[in-house]
Each structure stands twice: as C-alpha cells, then as structure tokens.
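Chain residues, written in single-letter form:
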Amino acid sequence: MQKKNRVVGAFAGLALAALALTACNSGTPGADPGASGGATDAANPWTVATDVTLTGSPTFDRIKSAGVVKVGVKEDQPGLGYLDPVTNTRSGFDVDVARWIAASLGFDADKITFQPIASANREQAIVNGDIDYYVGTYSITDKRKQQISFAGPYFITGQGLLVAANNDKITGKDSLTADETVCSATGSTSIQRIKEQTPAKTKEYDTYSACVEDLKNGQVDAVTTDEAILIGYAAQAPDQLKVVGEPFSEERYGVGIAKGDAAFQTFINTMFTDGGSTWQAIFDKNLGASGVKATQPKVDAAE
Ligand code: GLU
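Residues numbered from 1 in each chain as written. Predicted model: local features only at pLDDT ≥ 70, side-chain atom pairs only at ≥ 80, totals over all residues. Heavy atoms only, no water.

*Asks:* Hey, could you run me through the overall build of the chain in this one?
*Replies:* In terms of helices and strands, the chain carries ten helices and 13 strands. Across the 303 residues that make up the chain, the buried fraction comes to 50%. The long-range share in the chain, meaning contacts at least 24 apart out of those at least 6 apart in sequence, stands at 70%. Per element, the accessible surface of the chain, about 13,600 Å² overall, is 50% carbon and sulfur. (Helix = DSSP H or I, 4+ residues; strand = E, 2+ residues; numbered from the N terminus. Buried < 20%, exposed > 50% of the residue type's maximum accessible area, 1.4 Å probe, protein only. Contact = heavy atoms within 4.5 Å. Areas by Shrake-Rupley, 256 points an atom, 1.4 Å probe, with all protein chains shown as cover.)

Take a look at the structure:
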C-alpha cells in the first residue's frame, strides 16, 4: 500500500517535470543534432529524417501524396495516449512512438493528424484507409491479423484489475465472483478474457475512462484492462483507486498497419530494432516513474 502510493506520487512528479521541461524547452546535455536533420532532446528524442526511401509501400505513397500522416490513437489513457483537455496537447508513450515513426518517415510533429479511435473500431479504420497507422495499446492477436498487419511488438504488459482504494474483497482475477460487475472496453482483449475466465458480470463502454467514472461512482466493482493503462488511471486518483493482483495475460502491443504492407512493416520494425536509445528515452519520459515495468521487446518479423 505504502509502496503503491509512492509509485503513484512519482508518476505525478514525472508529469510535472515533463511539463517544466517543455516549458523551458532547454537543450539536454549530449543532445544529438542528428545526421539527418533536426535535433533530439528529452522531449523529442528522435530526429526528423530527410530523403527517406521506402519503395513498395502503398501506405508511404499515400502519406507522401497527402503531405500529412494520419495516426489513430487513444486520448483518454494517461501515460500512454492522452489529450490534455486544458492545454489541448497530446502526450504518452504511444503518442511518442507515433511521432517517432512519423519523424523516421520524414514528417515532423506538425504534419501529424491524430484521430481518436476506440478499441472496437481500430481494424475497420485501418481497412478503410482512414488512418495510415494506429498506435494505442493495440495487442497483436491472430484474430486482428486476419484484417490488418502489425509492426512490433514494441511493448509488453498484462491484463490487470483496478478497484476502489477501500475495496479489500477483490484481490485479483481469481477472487472475482458472480456478485461483482467488471467494466471494460468493447472489442478489447480485456473484455473477452474477463468473460471467458471469470464468473463476474460485465459492463462495456467504448472507452476505459467511462469505466473509471463508473468505478468512482460505485456503479461497477472493477475495471479491467492492461496494467500499463490502469496504473495511469490510479495515478490520477490515488486516494480513490488502486491496481490489485498479478497480471493475468500477456499483451504484446503492435503498430496497426494495412494488411500486407510488408515494406511499411519492415520499415517500422527496422526503426524499432536500430533505434538506439530512442525507445528507452520515450519510455523514461512517459512511464519511467509510473511503476510500469517494461523493457523493449524484440520485434517479431513474423507479425
Ligand atoms: N491491449 C488490449 C487490446 O488491444 C486492451 C487495451 C485496448 O483496448 O486498447 O484489446
């Protein structure tokens, strides 16, 4: 308990530090001006590439002719994909991965159009060509791979449970009974697994933040999804919410792309593999002090 509060406090501190850094926009010691133009710093630890060659990718051809990159994201998941309603700025590990990909394709952040897309609508948005790629806690699954392809994985987490801070009854997945209602997002691996593996009643929304509101109001007993997401919500309301139990799945996050665009997939996978310290810098900036534990996974060309 003591430890969780400390972790959560550190998360808040990190957010403040990140804000301060943005406000000063000071260069960091050792910042690399970058051979291909642009400058890296702690806020944007990547360089905008110039003279990018990527042949045989319908997605890249579309991006080039449009002159903008359309990226699907989440915007209600603090630490991962978040739109600050006050400052209207986007932040989070996934958002920065999306910016890193755009920069590697030769497009600066001001050339990205972000589009919030709920869990249930991701495959269709990619199939329709509404977005060029999707970065938002998107687990690689065989079912999804029937419609789209994935680059990555770039992150691994596991499903967990978020409950009221004063709830002593729910201690993990196996403590759930038919008396409890658990909330999750439609179309997610999380809702599917909780239905399959527990007797709990379920409630679904488009977003996890709607579930969190219900949890705060006592309308549901728990919210379930990936721990990396839940830790971000707990950090925003540490007096009201806590993450309990051990993770009970392995969620391997991929970048959702058009099915069969092998050139685009290889490009992103190569970026992840050859990215040096960029992945770590993005992790440290967004999740480093949150209590989320992760190291960069090896990409899997078979995805
Ligand atoms: N990673 C899980 C999934 O892709 C849950 C989180 C989400 O819905 O984005 O289904």
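*Asks:* I tried to follow unusual backbone geometry on my own but got confused; where do I start?
*Replies:* Where the residue is not glycine, phi is negative for most of them; where a peptide bond is considered, it is trans in most cases. Following Gly-152, the chain continues to Pro-153 via a peptide bond in cis, the omega torsion being 5 degrees. Here Pro-153 lies in strand β7 (residues 148-157). Despite not being glycine, Asp-51 shows a phi value in the positive range, around 50 degrees. Along the chain, Asp-51 turns up in the loop between α1 (2-24) and α2 (58-66). Overall, the relative accessible area of 75% leaves Asp-51 in the exposed class. Phi at Thr-137 is positive, roughly 45 degrees, even though this residue is not glycine. Locating Thr-137 in the fold gives a position in the loop between β6 (133-134) and α5 (142-145). Thr-137 gets classed as buried once you look at its relative accessible area, which sits at 4%.

*Asks:* Any chance you could explain the packing of aromatic side chains here in plain terms?
*Replies:* For any pair of aromatic rings, the description consists of the separation of the ring centres together with the inter-plane angle of the planes. Going through the model one piece at a time under the given rule, you end up with 13 aromatic pairs. Aromatic pair Tyr-138 and Phe-150: ring centres 5.0 Å apart, planes at 70 degrees, arrangement edge-to-face. Taken together, the residues span a long stretch of sequence, with Tyr-138 in the loop between β6 and α5 and Phe-150 in strand β7 at a distance of twelve residues. Overall, the relative accessible area of 0% leaves Phe-150 in the buried class. The interplanar angle of 35 degrees and the centroid separation of 6.4 Å between the aromatic rings of Phe-155 and Phe-283 together place this pair among those described as tilted. Pair noted here: Phe-155 is in strand β7 and Phe-283 is in helix α10 (residues 278-286), with a separation of 128 residues, a long-range link. Pair check on accessibility: Phe-155 and Phe-283 agree, each one buried. Taken together through their ring pairs, the aromatic side chains of Phe-93, Trp-100, Tyr-154, Phe-155, Tyr-253, Phe-272, Trp-279 and Phe-283 make up a single cluster. (Phe/Tyr/Trp six-rings, centres within 6.5 Å; stacked < 30°, edge-to-face > 60°.)

*Asks:* Can you help me understand the nonpolar core in this one?
*Replies:* Considering soluble globular proteins, one finds that nonpolar side chains tend to be buried as a cluster. In this structure, Phe-93, Leu-105, Tyr-133, Tyr-154, Phe-155, Leu-162 and Val-255 are the most contacted members of the largest nonpolar core, which totals 57 residues. If one sorts the elements of this core by residue count, helix α3 (residues 93-104) sits on top with eight residues. What Tyr-154 contacts, discounting residues up to four positions off in sequence, is Phe-93, Asp-94, Val-97, Val-135, Gly-136, Thr-137, Tyr-253, Gly-254, Val-255, Phe-272, Trp-279 and Pro-297. Listed in part, the eleven residues of the second largest apolar core include Val-163, Ile-170, Ile-194 and Ala-200. (Core = buried A, V, L, I, M, F, W, Y, C linked by side-chain atoms within 4.5 Å.)

*Asks:* Teacher, can you tell me more about the sheet that holds strand β10 (residues 201-205) here?
*Replies:* Across a sheet, strands are paired by hydrogen bonds formed along the backbone, either parallel or antiparallel in direction. Read from one edge to the other, the open sheet built from five strands follows the order β10-β9-β11-β8-β12, with strand pairing classed as mixed. Edge positions in the sheet fall to β10 and β12 (241-244), since each has one partner strand and no second. Averaged over all neighbouring strand pairs, the angle between strand axes comes to 30 degrees, with direction disregarded. In this fold helix α6 (residues 189-197) packs onto β8 (159-164), β9 (181-185), β10 and β11 (222-226), with an angle of close to 170 degrees to the strand it touches most, β10. Helix α8 (residues 227-236) rests against β8, β11 and β12 of the sheet, and its axis sits at about 130 degrees to β11. (Pairing = 2+ DSSP bridges. Axes fitted to C-alpha atoms, helices over the stretch in contact; angles between N-to-C directions.)

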